[in-house]
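What the coordinates show
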Amino acid sequence: MNHYSYHSHTADIQMKVQAATLNALFEMAMLGMSNLLKNDFCNQQVNGIFEKQLYVRSADTTGLLIDFLSEVLLQSNIEKIIFCNLNVVKLTDQEIEATLWGMQVSHFDEDIKAVTYHDANVFQNENYEWEATIIFDI
C-alpha cells in the first residue's frame, strides 16, 4: 500500500512514506512534498503540462531520495511549479533519471526551505516494502 503521512516535529515537518517498490517510494515522497507546497494540489487529478528532466546521483539510497527531493524543490521554487507526475527512467541505489510533469501556481501554501538529511532513512521493512522518513525545514 503506497502512502505518506505527516508528523509533528519541532519547527519542521516530518513525513513518513511507505510504498511497495522503490520507484513508488520516490513518487510518493515527491507527491507528499508537492502537497505540502500547495495543500492537496496533486490530489485533484492534476495533469502536468510543464516537463522537467532530472538526473541525480548520490552515495546511497537515503542520500539519493533527499537529493532528488531537494532538486525537485529547487525546480519548484525557480519555476513556481508543483510537480505531481513522475516517470522514473532509471533508478538504482545511487542514481535516478526521471521525467517530472507539473503545473504552474501563483503561490505556495507552505514555504519549504530545505529537505534535510537529519534523521533521514530509507529502508525495506520485514514485509519487503520500502519506507522512508524525511524532515522538511520550514
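The rules we used
- Residues numbered from 1 in each chain as written.
- Predicted model: local features only at pLDDT ≥ 70, side-chain atom pairs only at ≥ 80, totals over all residues.
- Heavy atoms only, no water.
- Pairing = 2+ DSSP bridges.
- Helix = DSSP H or I, 4+ residues; strand = E, 2+ residues; numbered from the N terminus.
- Axes fitted to C-alpha atoms, helices over the stretch in contact; angles between N-to-C directions.
- Disulfide = S-S within 2.5 Å.
- Salt bridge = Lys/Arg side-chain N within 4 Å of Asp/Glu carboxyl O.
- Buried < 20%, exposed > 50% of the residue type's maximum accessible area, 1.4 Å probe, protein only.

A separate point is the sheet that holds strand S5 (residues 95-104). Read from one edge of the open sheet, 3 strands run S3-S5-S4, paired in antiparallel fashion. In this open sheet, the two edge strands, each paired with only one partner strand, are strand S3 (50-57) and strand S4 (81-91). Strand-to-strand, the axes of this sheet are offset by a mean angle of 25°, without reference to chain direction. Judged from the 9 bridges that link them, S4 and S5 form a sheet pairing that is antiparallel. Paired with Asn87 across the strands is Thr99, a residue of S5.

A few words now on the environment of Gln75. Locating Gln75 in the fold gives a position in helix H2 (residues 61-79). Sequence-wise, Gln75 and Asn127 are 52 residues apart; in three dimensions their C-alpha atoms are separated by 34 Å.

Below, the discussion takes up the state of the cysteines. Across all of its chains, the model carries 1 disulfide by this definition. Between the sulfur atoms of Cys42 and its disulfide mate Cys84 the distance is 1.9 Å. When the S-S torsion is -80°, as for the bridge of Cys42 with Cys84, the disulfide is left-handed. Within this pair, whereas Cys42 is found in the loop between helix H1 (22-37) and S3, its partner Cys84 is found in strand S4, the two being separated by 42 residues in sequence.

Relative to strand S7 (residues 130-137), strand S6 (residues 114-124) runs antiparallel, the two being bridged by 7 bridges. In the strand pairing of S7, Gln124 is matched with Trp130. Counting the residues between successive antiparallel strands, the hairpin from S6 to S7 contains 5 residues, one of them, Tyr128, with a positive phi of roughly 65°.

The next point concerns the pattern of salt bridges. Pairs can form between side chains of opposite charge whenever their charged atoms are close. Throughout the structure, instances matching the rule amount to 3 salt bridges. The salt bridge partner of Lys38 is Asp109, with a shortest N-O separation of 3.8 Å. Taken together, the positions of Lys38 in the loop between H1 and S3 and Asp109 in the loop between S5 and S6 put the pair 71 residues apart, joining distant regions of the chain. By relative accessible area, Asp109 is classed as partly exposed at 42%. Of the charged contacts in the structure, one is a salt bridge between Glu95 and Arg57, with a shortest N-O distance of 3.8 Å. Residue Glu95 is located in strand S5, and its partner Arg57 is located in strand S3; the two are separated by 38 residues in the primary sequence. Salt bridges sharing partners connect three or more residues here, namely Arg57, Lys90 and Glu95.

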